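Observations on chain architecture
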Amino acid sequence: PPYEIKLPPEPPPGQQRDAKQPVEFNQAISYVNKIKQRFSDNERVYKQFLEILNLYRKAQKSITHVYAEVAKLFKDHRGL
């Protein structure tokens, strides 16, 4: 694909994710802002992206599902 999303591996069952480093947090915020800007004319895509992230945050989606859904959502958008 024309883009690549790198996500950390999921922790083993029974373990929680480590606390995020400030640099990782800043990178995540930067990426979300990039998506918001890129889809400023298509709010539906941006909202779908946020919903995918929110379900991951609530542990309702695995990182593998997040990767697959985001890849599908952005399949025609280079650089994301």
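To keep things clear, this report deals only with the structure shown in the data block. Remember, it's a predicted structure, so these values are computed and weren't measured experimentally.

1. Concerning the overall build of the chain
- Summing up its helical and strand segments, the chain has 3 helices and 0 strands in all.
- The N-to-C order of helical and strand elements in the chain reads α-α-α.
- Relative to its full complement of 80 residues, the chain shows a buried share of 25%.
- Approximately 6400 Å² of the chain is accessible, and the part contributed by carbon and sulfur atoms is 52%.

2. As for the packing of aromatic side chains
- For the structure on display, the rule yields 3 aromatic pairs.
- Aromatic pair Tyr31 and Phe49: ring centres 6.0 Å apart, planes at 70°, arrangement edge-to-face. Of this pair, Tyr31 sits in helix H1 (residues 22-38) while Phe49 sits in helix H2 (residues 43-57); the two residues are 18 residues apart in sequence, bridging distant segments of the chain.
- Tyr31 gets classed as partly exposed once you look at its relative accessible area, which sits at 25%.
- Ring centres of Phe39 and Phe74 lie 5.4 Å apart, and the angle between their planes is 15°; on these two criteria the pair is classed as stacked. Highlighted residues: Phe39 in the loop between H1 and H2 and Phe74 in the segment after helix H3 (63-73), separated in sequence by 35 residues.
- Look at Phe74 and you get buried, because its relative accessible area is 0%.
- Among the aromatic residues, ring-to-ring pairing joins Tyr31, Phe39, Phe49 and Phe74 into one connected group.

Definitions and limits used
Residues numbered from 1 in each chain as written. Predicted model: local features only at pLDDT ≥ 70, side-chain atom pairs only at ≥ 80, totals over all residues. Heavy atoms only, no water. Helix = DSSP H or I, 4+ residues; strand = E, 2+ residues; numbered from the N terminus. Buried < 20%, exposed > 50% of the residue type's maximum accessible area, 1.4 Å probe, protein only. Areas by Shrake-Rupley, 256 points an atom, 1.4 Å probe, with all protein chains shown as cover. Phe/Tyr/Trp six-rings, centres within 6.5 Å; stacked < 30°, edge-to-face > 60°.

These figures capture arrangement, not role.
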